[in-house]
Amino acid sequence: MFRTRVFDASDLRRAHTRIAHEIVERNHGAQDLVLIGLHTRGPAIARRLAAAIASFEEVDVPVGSLDVAFYRDDIGLRNVQPLGPTEVPVDVTGRVVVLVDDVLFTGRTIRAALDAVTELGRPRAMQLAVLVDRGHRELPIRADFVGKNLPTGVGEDVRVRLSETDDVAEDAIELWAPDASGGSE
Amino acid sequence: MKHLLSIEDLDRAAVEALLDQSDAFLDVLARDIPKVPALRGKTVVSLFYEESTRTRLSFETAAKRLSADTMSFAVGSSSVKKGESLLDTVKTIEAMGIDAMVVRHHAAGAPHRVAQWIDASVINAGDGRHEHPTQALLDAFTLRRHRGPSLDGCRVAIIGDIRNSRVARSTMLCFTRLGARVTFVAPPTLIPERLDGWPVTVAHDLDDVLGEIDVAYVLRVQEERLGQALLPTLREYYARYGLTAERAARMKPDTFVMHPGPMIRGPEIATEVVDGPRSLVREQVTNGVAVRMAVLWSLIGSGGHVA
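Being a predicted model, the structure only gives us computed values, none of them experimental.

> Residue-level account of helix 3 (residues 86–95) of chain B, with values.
The periodicity of an α-helix, 3.6 residues per turn, causes residues three or four positions apart to be oriented the same way. Residue and element names in this part refer to chain B. When helix 3 is considered as a whole, its buried residues turn out to be Leu86, Thr89, Val90, Ile93 and Glu94. Along the axis of helix 3, the buried residues cluster in a sector spanning 130 degrees; they form a single face. On its buried face, helix 3 is in contact with strand 1 (43–48), strand 2 (69–74), strand 3 (100–105) and helix 4 (110–117).

So this is what it looks like as structure tokens:
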């Protein structure tokens, strides 16, 4: 059951712009950065952040995509399938990697991503950017850049819909109550 | 999916799902560290009652790339020599705690029996003249990478000892599942006596089909299985069915050449054809590891059978 709209398209655009600025500010520029999006929506968000950074900083930050299926800790407990290709166009060694995902929940996906990136090389630092932090962490992991902190119930459903990945005309993030069917995250 | 025993058990969607996953594993193999922790803590044992180099090594490589532990069981140096039955051997290995058993056996149906006896997943790595499903999947995967996701309308000639070949049967089934049209090309004595219900056509003259095919899939003449006098001489066979450079030149310029190995270079398939630009032979071997990773992952990793 629909509960509330957390972000509409304009809110999302502003959140992307702000996060892009925060990333550049924190890292004193955009040199040496690489944005790595986690499937399925992370790569699209990473591309938006890179476009925003290019617009005000005039640096083309490399964007990669990462699939963490083979690094998860719940393999065998549920149906785990690869969601897309892992493609990182540059050597991450010595760079600052910013992991990008839509929703931060238990933190287990991020833990898997830390392992996956480590096998690609040794970044100087890794940071995390998410559109929504919905709480309920099961691991000591936190985000460096957050679109919105959203208190949720464990059974609730945060639905992110992006034009690139979800076949919708307009971006939105919504909170749905437990009795709703379908959805993800 | 709990076991992989036969291509016959898989419909088109199941084949495509396995091949899609193989793409992901081929990416893993191309990395600097071509290894993922997906099957950490799982144990894969290979039980080979027939000799094999590439299939056994390919499975063991696949398991290691997934971080599984591997055990290898060579019949020659085992208690089988002392008369232990297949049942007892399998039960003994299972008692050590394993998750998957890769079985090759000279008797058709042996992996099916093993699957009834143990709780672990069983993968058929070749049983007698029956099936060799992972070879078929890697063949389809290799061809698909060059022909686009579907093989609809693709014309394949499988040339050689069809009668004794488990590869011919599995690969024919798998190619057909994806929409290809398969022709068996061999002398009448090397074609199975009955092909009832097999979705294939038969040709006895290689030169008749050369110009029409998109893929020439060459099989080895299995001298160890020939037994009876099915061929006057191998020389005569090679004269009519060997894929020489001259015959290859009469194929369409974009016709691919495949071979499951081991090859007899020269009479069976000319060196310049094997090493030529249209040959997928080496790629088949590389892709074999990725496809077997996908199979192991689907059976004991992904949890697809847990739900």
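From this point, the narrative continues.
> Pulling in residues and values, what's your account of the layout of surface pockets?
All names here are of chain B. The space that makes up the second largest pocket amounts to roughly 450 Å³. Elements represented by at least two residues in the lining of the second largest pocket include exactly helix 2 (54–65), helix 6 (166–177) and helix 8 (223–226). Here the residues of the lining of the second largest pocket are counted per class, giving four nonpolar, eight polar and eight charged. Taken together, domain 1 (7–131 + 285–301) and domain 2 (133–280) each give at least three residues to the lining of the second largest pocket, which thus spans both.

> Can you tell me about the sheet that holds strand 6 (residues 145–149) of chain A, naming the residues and giving the values?
Residue and element names in this part refer to chain A. Here five strands make up an open sheet; going across it, the order is 3-2-4-5-6 and the pairing parallel. Looking along the sheet, the strands with just one partner apiece sit at the ends: strand 3 (63–66) and strand 6. With direction set aside, neighbouring strand axes in the sheet form an average angle of 25 degrees. Of the strand pairs in this sheet, strand 5 (residues 125–133) and strand 6 are connected by four bridges, and their pairing is parallel. Within strand 6, the residue paired with alanine 129 across the bridge is phenylalanine 145. Contacts from helix 1 (residues 9–26) reach strand 2 (33–38), strand 4 (96–104), strand 5 and strand 6, with the element oriented near 145 degrees to strand 6.

> So what's going on with the pattern of salt bridges? Which residues, and what values?
Summed over the entire model, instances satisfying the criterion amount to 35 salt bridges over all chains. In this structure, A:Asp157 engages A:Arg159 in a salt bridge whose closest nitrogen and oxygen atoms are separated by 3.2 Å. Exposure class is identical for A:Asp157 and A:Arg159. Each is buried. In this structure, B:Arg56 and B:Glu60 form a salt bridge, with 3.7 Å as the shortest nitrogen-oxygen distance. Highlighted residues: B:Arg56 and B:Glu60, both in helix 2, separated by four residues, approximately one helical turn. Among the charged side chains, a salt-bridge network with shared partners connects B:Asp20, B:Asp23, B:Arg144 and B:Arg145.

> Please give an account of empty space enclosed by the protein that cites residues and values.
Residues and elements named next belong to chain B. Enumeration according to the criterion identifies one cavity of 30 Å³ or more in this entry. What the largest cavity holds in volume is close to 100 Å³. What lines the largest cavity is simply Arg54, Ser58, Gln135, Leu138, His259, Pro260, Gly261, Val281, Gln284, Val285, Gly288 and Arg292. Mapped by element, the contributors of at least two residues to the lining of the largest cavity are helix 2, helix 5 (133–147) and helix 12 (281–301). With five residues, the single largest contributor to the lining of the largest cavity is helix 12. Of the residues contributing to the lining of the largest cavity, the split by class is four nonpolar, six polar and two charged. Each of two domains, domain 1 (7–131 + 285–301) and domain 2 (133–280), supplies a minimum of three residues to the lining of the largest cavity.

Definitions and limits used
- Residues numbered from 1 in each chain as written.
- Chains lettered and ligands numbered in written order.
- Predicted model: local features only at pLDDT ≥ 70, side-chain atom pairs only at ≥ 80, totals over all residues.
- Heavy atoms only, no water.
- Buried < 20%, exposed > 50% of the residue type's maximum accessible area, 1.4 Å probe, protein only.
- Helix = DSSP H or I, 4+ residues; strand = E, 2+ residues; numbered from the N terminus.
- Arc of directions from axis to C-beta.
- Contact = heavy atoms within 4.5 Å.
- 1 Å grid on protein atoms, 1.4 Å probe; cavity = no way out; pocket = protein on both sides within 12 Å on 5 of 7 lines; lining within 4 Å.
- Points joined across faces, edges and corners; volume = space filled by probe spheres on them.
- Nonpolar A, V, L, I, M, F, W, Y, C, P; charged D, E, K, R; others polar.
- Domains from an automatic or database assignment.
- Pairing = 2+ DSSP bridges.
- Axes fitted to C-alpha atoms, helices over the stretch in contact; angles between N-to-C directions.
- Salt bridge = Lys/Arg side-chain N within 4 Å of Asp/Glu carboxyl O.

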